[in-house]
Each structure stands twice: as structure tokens, then as C-alpha cells.
Amino acid sequence: MTRLQINGEVRNADVPADMPLLWVLRDVLGLTGTKFGCGIGQCGACTVHLGGKPARSCLLPVGLIGEREVTTIEGVGATLAGAKVQKAWLGVEVIQCGYCQSGQIMSAAALLAGTPNPDDSDIDAAMAGNLCRCGTYLRIRDAIKRAAASR
Amino acid sequence: MKGLSQRGAVARYVVIAIAVIVVVAVIGVLWIVLGPGPMDFAGGKTVALAGYHGPDPTGVPPALVQASVVERGEYLSHAADCQSCHTVQDGVPFAGGRAFVLPIGTLYSTNITPDKQTGIGAYSDADFLRAVHRGIRRDGARLYPGMPYDAYTYMTDADALAIKAYLFSLAPVSASAPSNTLVFPFNQRWLLSAWFLLFSPDRRFEPNTGHSPQWNRGAYLAEALGHCGECHTPRNLFEALNNRRKFAGEVQSGWRAYNVTTDSGSGIGGWTDDELTRYIWAGHADGRGTASGPMGEAVDLSLAHLAPDDVAAIVTYERTVPAIATPDLPAVKATPAPASHKQGVPEAFEPRGKQIFEGACVSCHDWTGVSPLTSWATLIGARAVNDPTATNVAQIVIAGTVRLTPHGPVFMPAFGAAYSDLEIATVANYVIARFGSKPSAISAEKVAKLRKQGAE
Amino acid sequence: MEIIPARSIVPGEVADPSRREILKAGLAAGGALLLGFHVPLGEGRATQSHTSTHEFAPNAFIRIDRQGQITLIMPQVEMGQGVYTSVPMILAEELDAAFDQVALEAAPPNDALYGNPVFHIQVTGNSNSIRAFWIPLRKAGAGARVMLVEAAAQMWGVDPAGCRTNNSEVFHEASGRRLPYAALVDRAAKLTPPQDAPLKSVADFKLIGKPLKRLDTPDKAKGTALYGIDMLPEGVKFATLAACPVFGGRVGHVDDRVAKIIPGVRQIVVLDDLVAVVGDHTWAAKQGLDALNITWSEGPNARVTQADVWNQIRAASQREGVVAKTLGDAEKGLAQGDRMDADYELPFLAHAPMEPMNCTVHVRPDACEVWVGSQVVSRAQAIAAKVTGLPLEKVIVHNQLIGGGFGRRLEVDGVEKSARIAKEVDSPVKVVWSREEDVQHDLYRPVYHDRMTATLSSGRIVGWRHRIAGSAVIARWLPPAFQHGIDIDAVDSAVDMPYDIPNLRVEYVRDEPPAVPTGFWRGVGPNNNVFAIESFMDELAKKAGRDPIEFRRSMLDKTPRLKAALELVAGKAGWGRPLPPRNGRGVAVQPSFGSYIATVAEVEVDRSGEVSVRRIVTAVDTGIVVNPDTVVAQLQGGLIFGLTAAFYGEVTIDRGRIQQSNFHDYRMLRIDEVPAIEVHIIQSGEAPGGIGETGVTASLPAVRNAIFAATGIPLRRMPIDRDVLAERKSV
Ligand code: FES
Ligand code: FES
């Protein structure tokens, strides 16, 4: 039995230790907001926060999480940066199909938590690992700036 | 008149000069040819195996002594790492066909399943021993020294025949390897006889009474079976191992096999026994990086299958190899890079490399080089990112890697197909500038060459 | 003389405003006004059987209940293009409804009721959601409004002419009385719907043209929106599959000894052409699949390589094609003046939507349920019925949000495979494709080869021949539309070329590539034709010694909307302003999908051949704009989608297998590679055009022409080959 702290709750899952967190979230715990896009760390759709830092859940064996707190898209709105980002996302109307956006929002929230006033190069550095096939990149950039400017 | 005598003098000098050159050349060749054997560095006194009083350094670990000959052969075949060379990617094990791209052409490994026509099914015990110890095929032709018979020659008959028994227990596969494509004169197999005479001693392992039984076991495993020197020992003019520089590092198949002498800066002198043991056994030790490429394969197919005592024996043996410094390899940087992308590397340094890194690499390796996912993907402390030739960093970007770890498979995708030579060069330089102790300047042209050498 | 082949069904054709949709109304059992209309289609007069005054068809387009909630039963699917907002806006506008009282319900599969008025089947594609429903929905909204007014007037005993509506209420001007729609539905339901209720004039629009916030996005930002891949019906098991890597190959032998003992693996399903592993979670399924030792019987395609594909289509393009359009005398035109020939090529492309292919199916002896995000929901139902042998009405399809369609989900191969797997499993099973499987078993954007020939006389084009060779996707996907050997999609934007050229011929050579299945891909036929035409235009302009914009402009008198867009973009992009060396601007124009678009890209090509796009400016006349923010978003997204294709898009085949597999070798543009994009919308009173695909078709030629301007190198194929652009490698 693996004990996980997810979005402030303790969740237990009877899963093998080598199972990536992504599938534990989606298939076992029913937290489907975290998405599967590539399984090889190249798209960012599966991004969660691990101890506040962004991590690709598709490559993260649950057995290695230990005591670190996991935050997913379902819970990120409870953080200051997450709430700001979600609001700015709707304000700028970033989202198209939306499939990549859980990961985008998680990456952006982690960025803002660590770098409250990011410049363009900070945004590139934090967001370039998140693919969006619909091409919402320009609005993502705008929304991050708007979220940074909001109080 | 004067002219003539002058000419005579010149002729004399030429003769003398030629003579000097010849003598020097002969001495040089002799110096090379009469170079030490792989275990000569150890000093001490060797005795015939039969006359050795300690525990038998050959054969299988104690737990397997009672096992069937096929089981013993399986263990030994792992220790001798037969499978990796004799299997194509995703192919049937031991069915051969793997390509080795050399500057002189391409060699293909052969089918060693017991198929009568295309494999070794028709080999008698004597045939098999002749091939393993002396590099002679059943039809009498010489094998290229790609087959490490200069190492296997130290294997006991019993161990070689156990391997044969194991191979013969497998299902025969009908598969003919493509023909080698070596250029002249290397396509002349008869030349190999001369090579064999000069460089393959054709003698079995002899224990060294000046060292512990554990050391002797380690020597047998590392030399007769594991053939570590085939990659890690530099080669001489004739492509034979130069044991004067034993384990000092060499480039093989486009990958750099690093210095594994006891030198503390460029070798493994600074590693703890525990780190060394883990690295040999698992291909990874925290803070020392993760083996990939040929070494990753050697671990997965060979070293990981060894008994713990056998790994410890190899460590003991390796600890006695004399230190040789590799001047171009700086000491490894052990501290993480800054968490901010803005620090660590000057902004103007390989901006395109940074761009590729932030898109394709950061999510696993982080800006610090310490992976948020698994220590196996941590770059800090790895020799490859502290190698200013950037060889292995470029190779792993091109070819990727898959490693089996205690917490499941860990892999890096092969970026070679979709990223240009220039992109790979620039990202390799960025990575080394960010995480290594000395910057690199690998070029697109060099990457193009590495692609070819690494392609199999 | 102009010959246009008979086109009984033309995807992309704007819905005919004069077509008679029959509006029907009734009262729902729970007490709600139901309104439906349908377009008489011959076959599809379907609502009749369900219709009675009190028990109105449960399937209808619009439902207004006693609480005032207005529900649009939405036949179009949301895959990011914003139709869940823009389509109800059209209804709300004519209905004078409060937009926050409008809700959506995904329509169940039923071609007769919910068929796209253009395609006659339930399909979301070809950038036509707005175009197809523009008139029908307005008529429905206007009709409902008239009925509600009539009902109020009856209750008040006043003349309806004295009533007006706003914000879901009816007002009587003279008496100041007002009633909400909610209070009027019962009475309104008894009225006969008017068939020709007057539509608002553009000037009176209150909602249309406003940048309204999208309705589907808040849930997406919270992670609570559900896509097909998120379905977890009670008792669901998880599966992943491997189809034969060689197209057309079969399963030979499967050794499952290791796979079976992996914890969590429940079942191994071996079918003809694929193997699936079913497990307690996707991880078990994936590990099980990896542990299988499968021998494939690869079949004849195992020898096909990419060189075969190119050789075949190049040979095909040597043949004369079927004439798709002719104007004047092309032969004569081509015999005059200076002749120029150029061949252009485009590669195979995979769709790679961010949501990998997936489908959840529960097959029971007497019924079947399917959860999927499909662009063709009725086809999804039909294929599941076929696989299971159940009658249509026993197959329930729950259509979900789509995590990227781009044409991939116009196909139901995924539903078909999943249903076949589910037949072997006695619980619901969610089948999820790995990304590798998704990339390697797509229906690919076809390779194209375009042979262009033109003649110039006094700086003008006098003769033009465009021969298109490529797969006929239409012939497979919508056979009735494939007539006279012409794929109307493959020649789209070539037969309706905007330039005024006196002698012209467009030919089509059908060439089906060996082994590789083909399908629609965002931008469809125009991707190819706009690229070939606009690239060639630049080369012709150069030959004629004329500026690319001025050259085009001189031939656009008969297409004033496009000419206006071109003029606007030239100004906005600063056309003609000097640029540093190895920088260039390129233009491309297109009248595709009913929209008129002109685009200028600005690029820099460095000495090693790396191309950076600095800026893209686009001007569009897409007719009346329903939701301008959506139009801008679609253009931005489409342009970026096209840039990915221009930079990295290429799928190749070797030994019958697709060589690319995931995002490390099938690259996508990332945020740090995206240029600034400016979109300028031209005010227009024309019927709305399509917008979702237009950016894609614009990017490639605009960037290609900018590279041409920067380097003088005329690229003739995509993606961009950086080696060709490198200024000479060091030796
Ligand atoms: S699914 Fe994890 S990075 Fe793509
Ligand atoms: S919004 Fe569709 S993939 Fe990003």
C-alpha cells in the first residue's frame, strides 16, 4: 500500500512501487485532470507539483515520492499562484481544446510561485517543456504576465 | 668528381638513416609487440591453475557449483557478455548480425545459436575451444579480433565448454549475418594469423600467488570473461590492447569508455568501494551518473547478473590497476548548477542549445542537473558531462538509453532522428557548460561522425 | 468557358440561406418548449415519426423549460475551436435570450436529426460549424422568438406587433408589461411555428460580434472537464494495444508467458491484426504489452519504403490528370511568353492531437455503450453496431470533449478496434493508445506532388497549369462526393484560384500511396494547393521582376475581398521596409473555407540554416464574425500548427512501418519558438466563413516565401531543410 499526500489529503493506493504517479492518479484515484500525452517527458501534459516543484508524473514512480506533497490540477486552485493563474487563463481566454492545459497551468503556477515577476526568458525556461498542439502559446505568455501583475 | 664523391656521401648517409629508421621501427614494433599482458601490472608470481592452492578463481560462484552444466554455462555466458555482441537490437538473443562500424569497414557478429547451417550447431568441443581461445573458425579461417579471443584465451576449457553447453541448450535460429564490408587490406583474413601470433598469447589463466584469492577471482572475471580492457584500454598501432596504459580509457563505437584506473582525478580513484560496486552492478551510483551506451548494455546483459561476491572481487582487482591520468579529463564537478536558468552559463553561450535544453531536457534533468524524478537522471557528478570532448553527451542525445532500475525502467528518448547535427552539438555544449567543470566545443561535423560510429 | 464538375455534395459550401428548413415545435413531457427544424434531404425526413403535439420528439435542437433555461442540443463537437460558445451565440442572438441562460447538451448520434446541413451526416470538420448552422439556427431562434411573443400577446390580449424582446423577456411597450420566457413556454408550445420569421439585420446584433467568454473553458482550467480518455464507468478495466507495425500485417504468434504473470494484467486479447492487454490500470496493461513476444506476419507491405512512395507519386504526376477546371485555352496560354515549371512536394503527416486516441466500450449481450470524443458521432455508433452485431438503437454513444481533433477524429478506426477488443472483455474497457501507437497507426495527411507550369508575358501570367497528384481521401471517406475521378478536397483552393488568369487548367491525378492509409488533416486539400500556388507565385513574381505583393494585387481585381485583405496586411506588416541581410518577408493569400486571408511572415535565416520566424501578420475577411476572440485564437493556433509542419512535420515509412513514434522524433513547435502573431479582422457583412483551418494553410507558403526573400533559395518541399539553407558548412 502506497501512502500519498495529494491536494492536502492522504490517499492510499495498492499499486506497485514502479507505477508512474500519472496512472495512479488517473486510473486508481480517479483524478483525471492530470493528462497523458506522451509518457516520455516530452509534452508536459502530466505535470503535477511535487513538494511545490513541477514534475512529470508519467515518469515518476510512486515508490520514489515518499513524504513529498503532491498537488494536481484539481488542487492547485487552493494555492495562491494556482488561483491567480487559473483566473488569468480565463481572463485571457487561453484555452482551446484544453487537453494540454492542466499541465500548462501547473507549470505556470510553479513558475509564479518561485518567480513572481517572470520575464519572457523565465517563461520560456519554465514553459518550453509543455506542448500545446492547438497553439495557445501566445496567450499562455500573456496570461502568465497578467497573473503576475494581479494581486 | 667532386659531385660524384658528394653523391657517394649522400648515399652513405641515406643508408645509415634508413638503417636507423629500420632499427628504431623494429625496436618500436617489438616494444609494442612485447608489451605487457593484461595482468602483468600486478607483479607477484603466477602459477598454473592446477598448482594453485587457494580457492579456484575460475568457474562459477559457490552457490552454483552444484548446478547443471547448462546453468553454469548461462552464468558464465553472462559474465563473458556473449549476448550483447551476438544480438541485434530487438533481435533473437545470440542469433548474431549486430554491426560494428569501424573506420576500416563494418563487421557483423555471427549466429551462435546451435543452428547447424548458420550457427555453431556443427561445432565439436575442440572446434569451440579453438574459436574461443584462438579465434579460429570451424572452417579454419581466422576471426577478426572484434571477437575478444585475446581475452577469452584466459578462460578455462571447462568454463568455455559450459558456455557451449548453455548455447547448445537454446533453440537453433536460422540466421546468416550480413557479410563484413572491410576495406583492403583488412579484408584479408590471412593477415589475422600474424596478428594472432603477435597479440594473442593462447594461454589460460594463471593465478597470482602475490594477491588474495578475491583478487584472483576478480582478475579472472575482469580479464578472461568480462574483457573490460577491450573498451577501456587504449589500443596500439595494430589495434591490439596497449596494456602499458591499461584501463586509461579509449573511444569505442563512437562512445568514450572512460579512464577506470585508480587515478583520482580522471579515473575512479576517488570513488568509494560502495559507489564502484553499485556502478558495476547496476550501472548507476548516486553522484556518479548512470551508465548508458555500451556500458549500460554491459551492465544490463552481463554485470547485473553477477553474484555479489563476484562484483566485490572485480572491485578488489580494479583497485590495483596503476593510476594513469587522462590529461583532458578534468576532475568531476559535484555541485548542482543554479536553479535559475539565468545563472550558471553566460547568456550568449550557445543560445540555441539552451533553447533545446529548456524544451526537451529540463523536465527530466532540471536546471540544476539534479533530476526531480530519479537520481538515475541526475547529471551532476557524471563523467560524461565533465568530458570536454562532449562525446558521450552527444551520443546519448542521439541514441537515447533504456536502463532497468530497481524502481522500473528509466529511459531517455533518442533525439537523433529529429534534431540536426548542429542542434545536438549546441545542446551538448550547453549541457557541459552548465553541469561540467570545463566547457566543450563539439561541432556539427563531429556529431555527424559520432552518429556514424554509433550507428549499429 | 468554365467546366466545373458536378458536385452534388460539396464540403465547404456555405449553407444556402434560401433552403427551407422546416421548423417544428411542441411541448415536452416535463413542460418545456421544444423546437426543432430539419432540412429536407430526401432520405432524411426523420422528425415526423417522433412528432406529435404533446409528445414532441425528444431529440430536438432547442428546449426552453419552465425555469427559463434554454438548451441547445448541440450537434457539433467542441475540440477547441470554440463552437460550444459561438454556435449558441447564434441562437441566442435571434432568440434575444440572456446568454447566461443558454446551456448545451451534446447531441446523440442521429444523422437525420443532427446531420450537418452541408455534409448530411453528423460531422464536425472542414471549418464549417458556423457556416453550416448560421442560417438554420438563426431561423430557429427567430421562430421561437415569434412564438414566445405571440404567446405573451395572447395572454395580454395585445397585438404582437407592439411587443419586443430582450434578455429572455417579452415586453409590451405601451403597457410596460413584461413576462419572462419561462412563463410563456406552455402557451408557446401550442402554437404553430412560423416558417419564415424575419431574421435580424446585422446592425441589430447584440451578441454576435462581441468577444464573449467561452463556456467550455472554466472546467478545463480546473481539470474537471471530461474528455473521452477520462471516462471511468463502473467496473472499467484498462487496455492498451499493439497493431501490426506494418500496415496490413497480421498477428503471427504471441508468446504471453511473461505478460500473464505481471501483477494487474487481467487478459490478453489477440485479434487478427492486433494484440491488446487488459489490466487493472493502464500501467499493468502497458507493462503486459511490453512483455509480450509478438511475431507478426507482416505481409507484402513490409518492403515499402519512403523512396517507393516518392517514386510512385512522381511517376503518377507525369500522367495527364482529370481536368478539374479549365478557363480560356490553357494550351495556347502555355505556348506564349516565358515559361516556368516548378514541382512542389509535401510529406506525410500524423495528426498527433494531444489527447491520444482512445475509446471506452462496454459490450453486453443486448446492448453496447461507447464513450469517445468523435468528430463523427453517428459513424462511431454505426461502426460499434457493426462490430457487435447489435441494432443501431442498442448502441449508446456518449460523445465527449475532444482533446484535439485536427481531422484524426473524423475516423472511427479507434472505435472499431476498441469495440472488437471490448467484445472479448466482460466489463467496460478503456482502450488507450500509447503515443507511439497513435503516431504509427494514424491515417496520414497524404503526400502530394504538384507540377506547376505558367507563362509570363509583359509581367503578367497568361497561361497556367496546375497538376495535383495525391490521394483521394474523399473517395474513401465520402464516396458519393467522389465523382468524375476528382477529389473535391484535393483540388479545393486550386479550382477556385483567386487570381485572374486568362488561360488555366487544373488537373487531378489520383495516386494512392503504397501501404500508408490517408486521411483529412487540419487544412485539408488547401494545405497543399495554397502552398504550391503561393510558392509558385513568388517564383513567378521574381521572374517577372515584380514585387510579390504588387504582382498578386494586380491579379485580384475579381476577388476584392482578398485584395482588401492583401492591402491591409501589406500596410500592417510594413511591407517594403528595409530588413537586415538574411532576413526576409513573405506573403501568401488564400480564399479558403469561405474566408479571405492574407498573411505576411518575417524570418531570419542564420548562416547555419536555422530559421527563426520573427513575426506573422495576418488580415482576414471571414464575413460576419460571431465571436471575434475565437477567430483570433483559431488563427493564432492554426498559424502555429502550420509552423510546426513547416519546421518539423514529416512522417516517413521504411519497411512498411512508420519511423516516427513520439514527440522526440515527431517534433512540435514549443513556446520559445513561436513568433509574435498579429491578426487583423476586416469588418464584413457577408455570411461567416470558416476559420479553424485557415491559419494552417497560410503559414507554410508565407514562411517559405520569406525564406525565399531572405536567401534567394526557393524551397520546393516541406518541411524546411536547414541543410539546403546553410551558407556552406565549414569543411
Ligand atoms: S505525458 Fe508526461 S510529459 Fe508527456
Ligand atoms: S489547448 Fe489543445 S493542446 Fe493545448
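Computed from a predicted structure; not experimentally measured.

Conventions adopted
- Residues numbered from 1 in each chain as written.
- Chains lettered and ligands numbered in written order.
- Predicted model: local features only at pLDDT ≥ 70, side-chain atom pairs only at ≥ 80, totals over all residues.
- Heavy atoms only, no water.
- Helix = DSSP H or I, 4+ residues; strand = E, 2+ residues; numbered from the N terminus.
- Contact = heavy atoms within 4.5 Å.
- Areas by Shrake-Rupley, 256 points an atom, 1.4 Å probe, with all protein chains shown as cover.
- Lys, Arg positive; Asp, Glu negative; His and termini not counted.
- Charge placed at Lys NZ, Arg CZ, Asp CG, Glu CD.
- Core = buried A, V, L, I, M, F, W, Y, C linked by side-chain atoms within 4.5 Å.
- Buried < 20%, exposed > 50% of the residue type's maximum accessible area, 1.4 Å probe, protein only.
- Buried area = accessible area lost by both parts, 1.4 Å probe.
- Salt bridge = Lys/Arg side-chain N within 4 Å of Asp/Glu carboxyl O.
- Polar contact = N/O pair within 3.5 Å; in protein donor to acceptor, adjacent residues only side chain to side chain.
- Nonpolar A, V, L, I, M, F, W, Y, C, P; charged D, E, K, R; others polar.
- Domains from an automatic or database assignment.

S.K.: I would appreciate a short explanation of the overall build of chain A in the present structure.
M.R.: From N to C terminus, chain A includes six helices and five strands. For chain A, the succession of helices and strands along the chain, N to C, is β-β-α-β-β-β-α-α-α-α-α. For chain A, the C-alpha atoms occupy an extent of roughly 45 × 30 × 25 Å along the three principal directions. In chain A, the proportion of contacts linking residues at least 24 apart, taken out of those at least 6 apart, comes to 55%. Element-wise, carbon and sulfur atoms account for 50% of the exposed surface of chain A, whose accessible area totals about 4,600 Å². Here chain A contributes 15 positively and 13 negatively charged side chains, and the mean placements of these two sets differ by 5 Å.

S.K.: Would you mind showing me how to read the nonpolar core here?
M.R.: What tends to happen in soluble globular proteins is that the nonpolar side chains get buried as a cluster. W89(A), L33(C), V370(C), I461(C), W464(C), W477(C) and I720(C) are the most contacted members of the largest nonpolar core, which totals 285 residues. Tallying contributions element by element places helix α4 (residues 129-156) of chain C first for this core, with 15 residues. Sequence-distant contacts of I461(C), defined by excluding residues within four places in its chain, comprise A454(C), T455(C), L456(C), I501(C), P502(C), M537(C), L540(C), F551(C) and M555(C). A224(B), A240(B), L276(B) and I314(B) belong to the second largest nonpolar core, which has 58 residues in total.

S.K.: So what exactly am I meant to see when it comes to the interface of chain C and chain A here?
M.R.: Accessible area lost when the parts come together is the quantity often used to give the size of an interface. Taken together, the contact between chain C and chain A spans 63 residues of the former and 47 residues of the latter. In terms of surface lost to chain A, no three residues of chain C exceed W283(C), M354(C) and I671(C), which account for 19% of the buried area on that side. Across the salt bridge formed by D629(C) and R139(A), the nearest N and O atoms sit 3.2 Å from each other. For the interface between chain C and chain A, the tally reads 29 residue pairs in polar contact (both at pLDDT 80 or more). Considering each element in turn, the side of chain C that touches chain A owes the most residues, nine residues, to helix α18 (residues 628-648) of chain C. Residues that form the side of chain C that touches chain A fall into these classes: 34 nonpolar, 16 polar and 13 charged.

S.K.: Looking at this structure, how should I read the domain arrangement of chain A?
M.R.: Residues and elements named next belong to chain A. Annotation of chain A at the domain level lists domain 1 (2-71) and domain 2 (76-149). Just the C-alpha atoms count here: the centres of domain 1 and domain 2 sit 20 Å apart. It is K35, C43 and H49 that lose the most area in domain 1 upon contact with domain 2, and together they represent 35% of the buried surface on that side. In this assembly, domain 1 and domain 2 are joined by zero salt bridges. Between domain 1 and domain 2 we count seven residue pairs in polar contact (both at pLDDT 80 or more) in total. Split by residue class, the side of domain 1 that touches domain 2 holds five nonpolar, seven polar and two charged.

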